[in-house]
Amino acid sequence: LLALRCRRPLPPDTDVRLVWGRDIRSATGLATREDRVLAFKTRPAFSARLRCQRVNPQAACLPMLPLELRFTAEVPAAPLKAVRLLDASGKAYPADPIDPATQPLVRELTFRGPLPERARLTLQLPADLRDDAGRALENAASFPLAVPLDEYPPLAKFSGAFGILEAHEGGV
């Protein structure tokens, strides 16, 4: 087993080839007979993205469904306790709890609804957030992120059980 480390950081999301040259000898003296090329791809840049369900692509997030903060790499769970989703008055909407003892690395945080309709929330991340390889967040300048919420769709506004009567289809 042989481990190698590049002397400089490689660019993210890039095809890389390692050429293991002819005549390189092992500790026992055996030499390779020809060049061997090992191809691999580097990881994508470390970034964060907020995902939510919408009525259409131009609409704001639906307040009764979860908001998901996704990372392109695993992040230590402990610093994620400092992530905040706040409304204009400063009220915090917590993410689902994560236990660092059972889940030391995380790729996603979920903020469950219901959230206030027609609100404008702000998603704040810790300034020094780093992934499992120690890389800084590439899109850190996008945070704090404004998160506009839509109104509840008409069918979500009924507080109890309801039914629909059809006038011409022999109602149920």
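Scroll up a little and you will see the structure.
Residues numbered from 1 in each chain as written. Predicted model: local features only at pLDDT ≥ 70, side-chain atom pairs only at ≥ 80, totals over all residues. Heavy atoms only, no water.

**Student:** Honestly, the environment of Met64 in this entry has me stumped. Any pointers?
**Tutor:** Mapped onto the fold, Met64 is located in the loop between strand S3 (48-51) and strand S4 (67-76). As for Met64 and Asp150, which are separated by 86 residues in sequence, their C-alpha atoms are 9.6 Å apart. (Helix = DSSP H or I, 4+ residues; strand = E, 2+ residues; numbered from the N terminus.)

**Student:** Is there a simple way to explain the layout of surface pockets in this structure?
**Tutor:** The method is simple in principle: a probe with the dimensions of a water molecule rolls over the atoms, and the space it marks as empty is what remains. As a volume, the largest pocket reaches approximately 380 Å³. In terms of residue class, the lining of the largest pocket is made up of seven nonpolar, no polar and four charged. (1 Å grid on protein atoms, 1.4 Å probe; cavity = no way out; pocket = protein on both sides within 12 Å on 5 of 7 lines; lining within 4 Å. Points joined across faces, edges and corners; volume = space filled by probe spheres on them. Nonpolar A, V, L, I, M, F, W, Y, C, P; charged D, E, K, R; others polar.)

**Student:** Please clarify how the pattern of salt bridges should be interpreted in this entry.
**Tutor:** Opposite charge on two side chains permits them to pair, given that their charged atoms come into close proximity. According to the stated counting rule, one finds nine salt bridges in the structure shown. Two residues, Asp132 and Arg43, come together in a salt bridge whose shortest N-O distance is 3.1 Å. Of the two residues, Asp132 is situated in the loop between strand S7 (120-124) and strand S8 (145-148) and Arg43 in the loop between strand S2 (36-41) and S3; the sequence distance between them amounts to 89 residues. Between Arg118 and Glu151 there is a salt bridge, and its shortest N-O distance comes to 3.0 Å. With Arg118 in the loop between strand S6 (105-111) and S7 and Glu151 in the segment after S8, the pair connects residues that are 33 residues apart, well separated along the chain. Of the residues examined, Arg118 reaches a relative accessible area of 58% and is grouped as exposed. Through salt bridges with shared partners, a single network forms among Arg43, Asp131, Asp132 and Arg135. (Salt bridge = Lys/Arg side-chain N within 4 Å of Asp/Glu carboxyl O. Buried < 20%, exposed > 50% of the residue type's maximum accessible area, 1.4 Å probe, protein only.)

**Student:** I keep staring at the nonpolar core and nothing clicks. Help me out?
**Tutor:** As a rule of thumb, soluble globular proteins bury nonpolar side chains together. Grouped together as the largest cluster of nonpolar side chains are 29 residues, with contacts concentrated most on Leu67, Leu69, Leu123 and Val147. When residues of this core are traced back to their parent elements, those giving at least two are S3, S4, S6 and S7. (Core = buried A, V, L, I, M, F, W, Y, C linked by side-chain atoms within 4.5 Å.)

**Student:** Would you take a moment to explain the state of the cysteines for this structure?
**Tutor:** As used here, a disulfide is simply a covalent bond connecting the sulfur atoms of two cysteines. Inspection of every chain in the model, using the stated rule, returns one disulfide. Each disulfide pairs two cysteine sulfurs, and for Cys52 the partner residue is Cys61, the sulfurs being separated by 2.0 Å. Disulfide Cys52-Cys61: torsion about the S-S bond near -70 degrees, hence left-handed. Since its relative accessible area comes to 18%, Cys52 is described here as buried. (Disulfide = S-S within 2.5 Å.)

**Student:** Is there a simple way to explain the side chain of Thr42 in this structure?
**Tutor:** Tracing the sequence through the fold places Thr42 in the loop between S2 and S3. The class of Thr42 is buried, set by a relative accessible area of 13%. Only 2.7 Å separates the side chain of Thr42 from the backbone oxygen of Pro11, close enough to count as a polar contact. One polar contact links the side chain of Thr42 to the main-chain amide nitrogen of Asp13, over a distance of 3.0 Å. Among residues more than four places away in sequence, those in contact with Thr42 are Leu10, Pro11, Pro12, Asp13, Thr14 and Val16. (Polar contact = N/O pair within 3.5 Å; in protein donor to acceptor, adjacent residues only side chain to side chain. Contact = heavy atoms within 4.5 Å.)

**Student:** Please explain the sheet that holds S4 as it appears in this structure.
**Tutor:** Backbone-to-backbone hydrogen bonds pair the strands of a sheet. The strands run either parallel or antiparallel. Taken in spatial order, the three strands make up an open sheet running S3-S4-S6, and their pairing is antiparallel. Lying at the two open borders of the sheet, with one neighbouring strand each, are S3 and S6. On average, each strand axis in the sheet is tilted by 20 degrees relative to the strand beside it, whichever way the strands run. The pairing of S3 with S4 spans four bridges and is classified as antiparallel. Bridge pairing links Leu50 to Leu69 in S4. (Pairing = 2+ DSSP bridges. Axes fitted to C-alpha atoms, helices over the stretch in contact; angles between N-to-C directions.)

**Student:** How should the sheet that holds S7 be read in this particular structure?
**Tutor:** Taken together, the three strands give an open sheet; going across it, the order is S5-S7-S8, and neighbouring strands pair in antiparallel fashion. Strands at the two margins of the open sheet, each flanked by one partner only, are strand S5 (84-86) and S8. Each strand axis lies, on average, 25 degrees off the axis of its neighbour in the sheet, ignoring direction. Bridge count between S5 and S7: three bridges; the pairing is antiparallel. The residue of S7 that forms the bridge with Leu85 is Leu123.

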